[in-house]
Amino acid sequence: MEEAESPLRRSSRARHQPKSSYDQVLEDMAEKKLAKRDEQGVSSDSETEETMRIIQNDGEDNSSVDVEEDQAFGVQKKATSKKKKNGAKTANQKKRSIHVKLGDGAAKKLKKAKTATTARGRRNVHSALTALSKKVLDESETPETSLVAALLASAKPIPGIPSVGKSKSRNSKNRSSRVPTTVYTPQLNGLARFLLKQHEPNSMHVALLNLLFRSVGGSVETNLKPDTDLEELADNEWDTLVTDVVEVMRETDADRTLLCANPEEKLGLQEYRTIYKEFWYRLGNVLLTHTPQAPMPVHQQEDSDEEMEDKPQPFASNRFQVEMVGQPDLRFGATVAIWELALACMERSVELEQKLQVATRQYKASTGQSRKLQALKESMDSWRRHKAELEEIVQTAVFQGVFIYRYRDSNKYIRVASLEFLSQLTLLRPDLFLENKYLKYFGWMASDKELEVRFAALQAFLAPFRHHKNDTSNQKSSLQVNVADMEGVCVKFLTRIVDCTEDSQSLEVQEAAMELLLIMLREEFLDDWDDDDGWDQVNLKAIDKNTSFKVRKNALYFVLDQMDCFDTEEDGGDGKSTMSHGLGEKKQVERIESIASWIANKLVDGPIEVNSVRVELADHVVESLRDMPEHRHLAVNWSAMLKAIRSENPQQGRNTGREEAVKQRVLLRMFAYAAELEVGSGSKTDTGGKKRKLDGSTRRPAEALSLALLKSLPQLLTAFKGDVIALRSLTELPQYLIPSVFSLPARKAEFLSLVKTLTRMILESTDEKILQNVCNALFVLVDGDHVRAADVKIQLKRLSTNLQGRLMELLEESDPQNAKPKKSPRNSQGSRRSSRRSDTSISSRSTTGTALPEVDLENAIALCLLRWRTLLKRCPLPYLFEQSNDGDDVDIEGFYNTISEATAKRLIDRKPLSDKDDEASEADAKSVATVWKSAESEIHPEVANTVNYALQVLLSILSWMVLESIESSMDVDDGEELPVLRMRERLVNLVGLCYDQYIDENDGVVYSDEQIDFSNSVQTSASRVASDIRTLFPRDWSGASDSIRKRLALMADAQLIGGSARFLQQREDELMQDMKDDEEKGSADAVLVDLVLPLARSLTANWNDGNRKEAGIVLSYISGYSKETGQTVQDLARYLKKINPVRFLEAQMACLRMSFNKWVDSEPELSENPSETEIKEFESAEVHHADLFQSIEQQAQKLSRSLGVGRLSDEGLSRALPSFMEEGVRFAFEGNGKDEDDLVLGSRLPFLLVLSKYATWAKKNKDDLEALRKFLQLKEAAMRSHPEFNEVHEDDLDALRSFKDSLGIKTLSQETKYTSREDGFDDQPSVLATPSPEATPATSRRKISTASSQISRRSTQSNLSPLAEEEIVESDDESSSPIKRRKLESSITRVSVGTSVVSKKIAEEENYDSDAGSDDPSASLG
């Protein structure tokens, strides 16, 4: 059986020959004898006679070829048995090595798994082809009568068509077939021979044309009849036939079309595409091998009559010229067939060339003149003519007649196939086609508009280089690829190739272009390239984060090959690892420094500040180095990297420039990232706090790294303490230390020095990233069973004591009662402005001192709290606080209370005055105002930072306390007070004080910029902490059996909900105003995500009994905002539906009602005598108002889709949907239903347009639909009987009609008026004409009569009450109902057929209390 050969070894002469095994074996034997004779210098007539006999047998049409091939297999087995025997030892050694690595059982399982996978793949292919045959073939089509049927059945032996095995070609040890042997090869070889034997040339042409037509979608009716004479067929008849085929193709289903220009994804169609191409290749081989002369070309000119009589004419018919047809699939099928036949011709020419070489060598070695030598010379002349004819066919008829048109075909896949064809020609016959006149087509198509074509062109450029690299034969021949011939075309199209490295559509194109440029550099094609910009463009791909790893790796090779220190002569030139050549560490340090210098040079190129340089791009270089076998040692040689870092030590007394400073940071970053990749997460702790065990592959490098770090890291931390960027990299390294190294007695001093240095950095550093790294490192070092854990705990306790004392001292100093009078006070009152402000930025913490001692003091407090927050987020409380003798955490609660009291004092002092503070004393008023009028303006941002960090510190402590309480598993009496509950109450009250900083935009007070910034900052922090509190103490715990969890459940969370929702909507107004004024939607949406996420997170933890209005607020962001915001809300919607689908439906109603009410409230108004400016503003507001209405439609559409696809995903939703629809109808007619509506009658009818998005679900159940129809009629009758019905706007009535149409309820041409009665409505309608728009007074403001029908007050609230437990408690001081408004001009309402996005404020019946901390906080949500 033939050995499988690697597809990568594509020698220009190594092509699989479609010859019989007998001929090939005998030719191999003859060549061996001739070679042996040449070595011995012996010549004999007997050997010449034998050679002549062997060679002359080629080309004879042997009728018993099948029998000979069967016999040849036995001869071939004997001829190759010795070769197999010699290679058996190596194979057995490889097999034994596999067994050693995997074990006998594992190796057997692996082999069995591979065999099973192959078997499953073959079964899947056979099943796919069988299914395709049943779908496509006609009953009359069988493998004996139809080539299409035969190709579909070629996965297995075909009855009636003998299969012919594929044998090895001559000189196969140095060659591999262009088309590898497949499972279809025996059947396709047999089919080609069967076709040749059973058909005359004309009938064979008919069968091949029918194969083409049926493959591209033709039918049995469009097939040519077997007796059709193609030569006698008139041109118009041929055109009609092709046109009929094209017409049938257009009507054929896509899944019944076997071959398309566009590649299919289905397995059966993919396999048929492969079979189709291989069939034409095998057919060409059979025709060329078993005919005595060369075939006539497809487009060859007419020969003389004598030549035509002597040659068979398998390709003589011009009716095969369908590659010019306009239909792309038909054109593709014909073009592929021509390419495969032409390649078969070229492979035959290669075979003839090899025969000529053998015969020429024998002819020159023979002496004297004999009849046999004369016959040999005649055979050689015949082969030369045959070879020349084949070359002429491809170069003229195929290339000039077909390729010239198809390489620029309108279909991109035909262009790709054409480039692949030409690429294969350059490898088959480099002596003919590896020339600039052919290679230029690759350069031209590298700029094609389609990425597939560009990729194919670059692959064609690469093919000769790859072929030359994989060619293992040492023989020199004209058929070998000479890569030097590629220099001219590569240099000519160099600019295009470089541009392909920036291809924005395909990373594959970038990878191919980069690989080609690297080869060109190594082949010295770029020695004369003087384009500095081009060099930089290619070099920078090594650190380009937006490309692929392969591109970066090859680009780094490109860079390293340009460095003198990476010369191959110094490495030994064999491409192996430099460590194997004994390359000294000094040389490795030089190389590491060279790489870092290059990176630094590129990073600082331009007006970039040193602290803004992106040193993290050096990570890509480390990744690439680790994947380079010859350079990997540079990324794991810790001592060399540390030497390179120390050689750039900034403490050496020399003045470092920008590039040198960046180089230091790059070296540190490379070292840190290399350590992370080498050791990885093996030395880190998992989420459960347990150490992960290191396997053998990571323990050794981890130990080497630990030894190097213990010696050098403390000094490095001290040396680079002034460089924040460098410290960020250095502080990531301690986490990779392993206990087996620092637990050694000899390493104790070094370890303690490192721990002390880290704890000192917490006290000194002001960078948050550094603090996070140090805290993470300390936790890794303290957590575990190693002997040094106790030493780290002692240092942490000392650190905690130091931080506590420093914070207490700072807080005491900041107390006004203890503060000393200022020597030079500054009266900076800050700017004054309206409360409505578009500035959304939160002041950042200052890390440098100021001239004001109060600001410096507050900044120190904020920094101390930042250190505590970072430490508490990583380290448990027992590592930081001492416990009392009875086990109580007295120190913790006292520390907690001190921070909360100091924070509360700062918030109370800055609380804005409220309209409700009528009873506030004058002293109180002056005290509140003094903070903002007399205090320095620079202190308020620092106070905001203090509040932010204090909230997070308290939350972290509370979280550890909750975990400790739950893990204690002790029973708690209901009357027992828990410390964690006291601490939670303090934090909730503190969050409430943050919400008290809310600034009402309508209170008429002018606030300073600093106060508005402070208000926004502390409320943003409070929203995040409030969400975490609700998530930390979920409501579901109230039903837990564990007494601890039951006590910890937070039920009174209305204050947290109300404050978060109120602040969210306030910030929404300002952010939307920013987006409108500055047209910077991206930045506004980024902040919106920060505001929405806190509410969304808490909803997921408490949704079983969560607040519907709160959910409605979040759901309103499902459309109209950024993609990220919409996706977040959609994910939340899916989660809420999964937990409680009915409650989710109720939240949707709350969302839609709030959005609609806000749209109504935002209706633009125009004064009685408007100016031109006011008119323009009004028109703009009208357009915006209409857009809002359309946005609500999108919102409702997405919410409706979230219920399911095709059907409702939950039975509860199906039962609740009728009540949902009735509630929506009731709201459209009655509003809130509990107070007198302040709008004109019918003003809420456009809500039905929003509700119509749920009509698809409402129509699923006919009984529910009928009940909804009756309910709608009831409400409509009540409206029409109302004395103010004439005031209903015509557009509102249109909304009602549209809603009926969406439900399929018929609407009469004249509306009916129903009179009320006891059972709800009168079945006998009375005709009442709909008022015309002219009769509708648009400016009517009459109140709704209190004597209106009681039927209009009926509601389904008892069935579906989304807001029943959230009713609004009206305030006593609430003003009377405002004047009724509803002014929809025709210009607005014609556009307002959609729905609106969330508008700017909460509807009156759902209004939040202005004071989030009132006695009845639940009123804020109704």
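Scoring rules and cut-offs
Every chain is numbered independently, its residues counted from 1 as its sequence is written. The predicted nature of this model means local features are confined to residues of pLDDT at least 70 and side-chain atom pairs, given and counted, to a pLDDT of 80 or more, with totals for whole chains, interfaces and linings taken over all residues. In computing side-chain values, all of the structure's heavy atoms are included and hydrogens and water are not. The helix count covers DSSP runs of H or I at least four residues long, the strand count covers runs of E at least two residues long, and both are numbered beginning at the N terminus. To measure how exposed things are, a 1.4 Å probe is used in the Shrake-Rupley method; for residues, cover is taken only from the protein chains shown. We define the nonpolar core as a collection of buried residues of types Ala, Val, Leu, Ile, Met, Phe, Trp, Tyr and Cys that are connected through side-chain atoms lying within 4.5 Å of one another. Here the term buried applies to any residue with accessible area under 20% of the maximum for its type, exposed to any over 50%, and partly exposed to those in between, with areas from a 1.4 Å probe on protein chains only. Contact criterion: two residues are considered in contact whenever any of their non-hydrogen atoms come within 4.5 Å of each other. Axis geometry follows a simple rule: fit a line to the C-alpha atoms, using only the stretch in contact for helices, then measure angles between N-to-C directions, giving values from 0 to 180 degrees. Any angle between 65 and 115 degrees counts as roughly perpendicular, while under 35 counts as roughly parallel, over 145 as roughly antiparallel, and the rest as oblique. Gly is put with the polar residues, along with every residue not named as nonpolar or charged; the nonpolar set is Ala, Val, Leu, Ile, Met, Phe, Trp, Tyr, Cys and Pro, and the charged set is Asp, Glu, Lys and Arg. Salt bridge criterion: a side-chain nitrogen from Lys or Arg within 4 Å of a carboxyl oxygen from Asp or Glu. Each aromatic pair joins two rings of Phe, Tyr and Trp (for Trp, the six-membered one) with centres within 6.5 Å, and gets the label stacked for planes under 30 degrees apart, edge-to-face for over 60, and tilted for any other angle.

Q: Explanation requested: the overall build of the protein in the structure shown.
A: When helices and strands are counted, the protein shows 51 helices and six strands. Accessible surface, the protein as shown: approximately 65,800 Å² in total, 48% of it carbon and sulfur.

Q: Help me out: how do you make sense of the nonpolar core in this one?
A: Judged by nonpolar contacts, the single largest core of 288 residues is most densely connected at Tyr 276, Phe 279, Met 670, Trp 868, Ile 957 and Ile 1029. Not counting chain neighbours up to four residues away, the residues in contact with Tyr 276 comprise Leu 151, Leu 211, Leu 212, Ser 215, Leu 259, Gly 333, Ala 334, Val 336 and Ala 337. In this structure, Ile 1113, Leu 1115, Tyr 1121 and Leu 1208 belong to the second largest nonpolar core, which totals 71 residues.

Q: How do you make sense of the packing of helix H13 (residues 412-428) against helix H16 (residues 451-470) when you look at a structure like this?
A: Describing two packed helices takes the angle between their axes plus the distance from one axis to the other. Across the interface, H13 lies against H16 with an axial gap of 9 Å and an inter-helix angle of 10°. In this view, H13 runs roughly parallel relative to H16, as classed from their interaxial angle. Between H13 and H16, the contacting residues are Lys 412, Tyr 413, Arg 415, Val 416, Leu 419, Ser 423 and Leu 427 on the first element and Glu 452, Val 453, Ala 456, Ala 457, Ala 460, Ala 463, Pro 464 and His 467 on the second. A breakdown of the residues in the contact of H13 with H16 according to their chemical character gives ten nonpolar, two polar and three charged.

Q: Would you take a moment to explain the side chain of His 631 for this structure?
A: Residue placement: His 631 occurs in the loop between helix H24 (618-626) and helix H25 (638-647). Setting aside residues up to four positions removed in sequence, His 631 forms contacts with Tyr 557, Leu 560, Phe 566, Arg 591 and Leu 625.

Q: Mind showing me how you'd approach the environment of Val 350 here?
A: For Val 350, the location among the structural elements is in helix H11 (residues 328-365). Once the C-alpha coordinates of Val 350 and Arg 429 are considered, the two residues, 79 residues apart in sequence, prove to be 7.5 Å apart.

Q: How should the pattern of salt bridges be read in this particular structure?
A: If the charged atoms of two oppositely charged side chains come close together, the side chains can form a pair. All chains considered together, the criterion is met by 55 salt bridges. The closest approach of N and O atoms between Lys 541 and Glu 502, which form a salt bridge, is 3.6 Å. Linking Lys 541 in the loop between helix H20 (532-539) and helix H21 (549-560) with Glu 502 in the loop between helix H18 (494-500) and helix H19 (507-522), this pair joins segments that are 39 residues apart in sequence. Overall, the relative accessible area of 40% leaves Glu 502 in the partly exposed class. Between Glu 1230 and Arg 1226 there is a salt bridge, with its nearest N and O atoms 3.8 Å apart. Taken as a pair, Glu 1230 and Arg 1226 lie in helix H46 (residues 1211-1230) at a separation of four residues, close to a single helical turn. Neither Glu 1230 nor Arg 1226 differs from the other in exposure class; each is buried.

Q: Could you clarify how one ought to interpret unusual backbone geometry in this entry?
A: One can expect most non-glycine residues to show negative phi and most peptide bonds to be in trans. Phi angles above zero are rare outside glycine, and Glu 524 is one such case at about 65°. Residue classification places Glu 524 among the exposed residues on the basis of a relative accessible area of 53%.

Q: I would appreciate a short explanation of the environment of Arg 406 in the present structure.
A: By the element assignment, Arg 406 lies in helix H12 (residues 371-406). The exposure class of Arg 406 is buried, given its relative accessible area of 8%. Considered as a pair, Arg 406 and Ser 418 are twelve residues apart in the sequence and their alpha carbons are 6.5 Å apart.

Q: Help me understand the packing of aromatic side chains, please; the structure alone is not making it clear to me.
A: Any aromatic ring pair is given by two values, namely how distant the centres are and how the planes are angled relative to each other. Taken as a whole, this structure holds 28 aromatic pairs when the rule is applied. When the centroid spacing of 6.0 Å and the interplanar angle of 70° are considered together, the rings of Phe 442 and Phe 461 count as edge-to-face. Residue Phe 442 is located in helix H15 (residues 436-445), and its partner Phe 461 is located in helix H16; the two are separated by 19 residues in the primary sequence. Accessibility classification places Phe 442 together with Phe 461 in one group, the buried group.

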